[in-house]
Structure formats: structure tokens, C-alpha cells
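Residue-level listing of the chains:
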Amino acid sequence: MLTAPLAAAFARVALANIQREYPRHISHLLRAPREELSPRVLHPAFYGSYDWHSAVHMHWLLVRILRLYPDQQDIVAVLDRHLAPHPLAAELRYFESAAGRTFERPYGWAWLLELQAELLRQGNTEWSDALQPLAGELARRMASFVQGAPYPIRAGSHGNTAFACLLALDYARAAKHQTLQDAVRSAALRWYGADRDAPLAYEPSLDDFLSPALVEAALMREAMPSHNFGAWLKGFVPAGIDLAPPVVADRSDAKQSHLDGLALSRAWCLRKLGYAAAAERQLSAALPHVVGGDYVGEHWLASFATLALTAEALKTP
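An account of the accompanying structure is given in this report. (Residues numbered from 1 in each chain as written. Predicted model: local features only at pLDDT ≥ 70, side-chain atom pairs only at ≥ 80, totals over all residues. Heavy atoms only, no water.)

## Concerning the state of the cysteines
Within this structure, the stated rule accounts for zero disulfides. Between Cys165, a free cysteine, and Cys269, which holds the nearest cysteine sulfur, the sulfur-to-sulfur gap is 13 Å. Residue classification places Cys165 among the buried positions, given a relative accessible area of 0%. Its relative accessible area of 1% is what places Cys269 among the buried residues. (Disulfide = S-S within 2.5 Å. Buried < 20%, exposed > 50% of the residue type's maximum accessible area, 1.4 Å probe, protein only.)

## Structural notes on the pattern of salt bridges
Evaluated as defined, the whole model comprises 17 salt bridges. The shortest N-O distance in the salt bridge between Arg141 and Glu137 comes to 2.8 Å. Of this pair, Arg141 and Glu137 both sit in helix H7 (residues 125-148), four residues apart, roughly one helical turn. The burial state of Arg141 is the same as that of Glu137; both residues are buried. For Glu216, the salt bridge goes to Arg154, with nearest N and O atoms at 3.2 Å. Residue Glu216 is located in helix H10 (residues 212-223), and its partner Arg154 is located in the loop between H7 and helix H8 (161-175); the two are separated by 62 residues in the primary sequence. Taking relative accessible area as the criterion, Glu216 reaches 3% and is therefore assigned buried. Connected through salt bridges with shared partners, the residues Arg64, Arg67, Glu114, Glu118, Arg121 and Asp170 form a single ionic network. (Salt bridge = Lys/Arg side-chain N within 4 Å of Asp/Glu carboxyl O. Helix = DSSP H or I, 4+ residues; strand = E, 2+ residues; numbered from the N terminus.)

## Comments concerning unusual backbone geometry
Backbone torsion omega between Tyr22 and Pro23 reads 0 degrees, so that peptide bond is classified as cis. Of note, Pro23 is situated in the loop between helix H1 (4-18) and helix H2 (39-42). A cis amide bond links Arg105 to the next residue, Pro106, at an omega of -5 degrees. The residue Pro106 is located in the loop between helix H5 (85-96) and helix H6 (107-122) in this model. One non-glycine residue, Lys176, lies in positive phi territory at about 55 degrees. Position of Lys176 among the secondary structure elements: in the loop between H8 and helix H9 (178-192). Under the relative-accessibility criterion, Lys176 is labelled exposed at 69%.

## What about the environment of Phe304?
Here Phe304 is to be found in helix H15 (residues 301-314). Residue classification places Phe304 among the buried positions, given a relative accessible area of 1%. Separated by 38 residues in the primary sequence, Phe304 and Arg266 place their C-alpha atoms 9.9 Å from one another. Not counting residues within four places of it along the chain, the set of residues in contact with Phe304 comprises His57, Tyr107, Trp111, Phe163, Phe209, Leu210, Gly261, Leu264 and Ser265. (Contact = heavy atoms within 4.5 Å.)

## So, the nonpolar core
In terms of nonpolar packing, the biggest core is built from 111 residues, with Phe46, Leu112, Leu115, Met142, Phe163 and Leu180 touching the most fellow members. Those residues within four positions of Leu115 in sequence are excluded, and the remaining contacts are Phe46, Val56, His59, Trp60, Val63, Leu83 and Leu131. (Core = buried A, V, L, I, M, F, W, Y, C linked by side-chain atoms within 4.5 Å.)

## Some thoughts on the environment of Thr102
The residue Thr102 is located in the loop between H5 and H6 in this model. Judged by its relative accessible area of 46%, Thr102 is partly exposed. Each C-alpha atom, one on Thr102 and one on Ala183, is 19 Å from the other, the two residues being 81 residues apart in sequence.

Below you can see the structure in the form of C-alpha cells.
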């Protein structure tokens, strides 16, 4: 589990991260010359970190730590500023603009929903009420997206639909959003129900931070009736799961640093699937590199480490 010293180290990284405006990777659809591109203006709640989605899941990290280790006023003070009605209304306006139509779909959408799920569990109604208009809009978009998508996205990075659906399903349960629950379950069965013989030997690609096979299996565990899942998993990974931790040759390379995240997300999935020893092997390989390394990894890895260390213990029934 996430020990107090480790939580404190992760919180220090996250607090610095979400208030650090630069360097910033901007994903913005320009529709006219001289458009405003300042992160703090466009995204007054989630201006910090290397990009918008990383800012969102570092906020999630702080809320989860606060739930595990309450009465941390440094965290509360920052979240009071960022998760307030005025900055979050500006975030919603961005999504409602032409530039925001597909902005951060589906990965950022899913992490925003997971942030709201954590706020609902944490019990701060002031923060969750302020975030609800944006969460409600993205929940509606997510349901529409998965209902209309004829194929899944099987990438090992941001586009992956199985990972996004896992987080969206967690939100749907926490928020009692039955429409989104039904949409995710239906899409998962339609996309993945007939899958067999997952090509685990082809993983990973150099910039993967998700295992396409494992996140799919983790989603199907949530989406399928439990009495059917065992047979599906046996057909999907007939030889079982035996994955060596990924090798990272250069942690200053933004894409290669994804591989530490891959080990952490694998650990999260493997725990969900009941492979405790395999999960520990992945976690042990990546955990020493979460804090204190190059910013290309440090701006996001602590959130994935926290997901791996705490998600199963704290998930919504």
C-alpha cells in the first residue's frame, strides 16, 4: 500500500507540478491567427504540469492522498484555488468551444471523470459541485463516443479505449450514472467479446505506458458477468501472463519514460486480474524511478504509481 513517507514524496511532486506553468506541451486547434495560447488563461484550473491530462491526474493523486492521509492543509489550499467554480467554469467553456470539441478524447476525459469519482468518495462537496458541470459534460461525451465508435483503439498510449473505459466506469459507479455504465459495458462486449490469443509477445512498443492486452482484460473483468469472465480470459491469454518488466534505456527521453509507466499500469491491471506476484515484479522495477528523475517522467509517474498501489483497496463497489 501507499505508505505515509511515499505519499508525502508523491504529494510534494504533485503540488509542485500542478503549479508549474512551463514547460508545457500545448494541444490546441488553431482556427484563427493570434489566438490566445497561454496555459493559465485557457486552463486556469489545469494550467500546470507538462500537459492538460497530466495536470488532471496529478490533481487526482492529491485528492486520493488526502483521502488516505487527511488534514494536509498544503494540499487543501491548492485544491481550493484550482477546484473552484470560476476556474472550472473556464475549463468547461474551453470544451464547449470549437477548439475543445475533441480535446483530450478519450484519455483526458477519462482522467477528469476519475478525478470527480475520487472527489465524490473523498466527500468535499464544494470541490465536487464545482467540477460537476464539466464532469457531466464529459460523461455525456464519453457515453456518446463509445456508443458510436465501431472499433476500439488498441494503442498502448493515450488513445486506448479500454483504459479510458475503466476510469469512466469507475466514475459512473461513484456518480450512479447508469447511462454511462451501460454504454461502457455494451461497448466493451461489442469491441472485445470475441477477442482470442492476445499477442503479448508483441508488447511493448517503445512509447507504451499501457499494455493493450492487460487493460482490455481488466476492463472485461469489470464489464462481463463474473461467471463468464474466466472462460473469456482463458481464451484471451491461453498460455497465461508472463511479462518481463520493460527495459528503459534513456529516462530523459519523453517517449521511453513511458515504459516506467507501463510497468506501473501493468501492476495495476495484474492486481485486478489476480496475478499478485507478477504485479509486484512490475511495480518493483518502476517504483524507484517515480520521484527524483527527469521531468519528462516525474510530471506524471507518481499518479500511475498511486493507482497501482491503492486502486483496488479504494475502488467504489
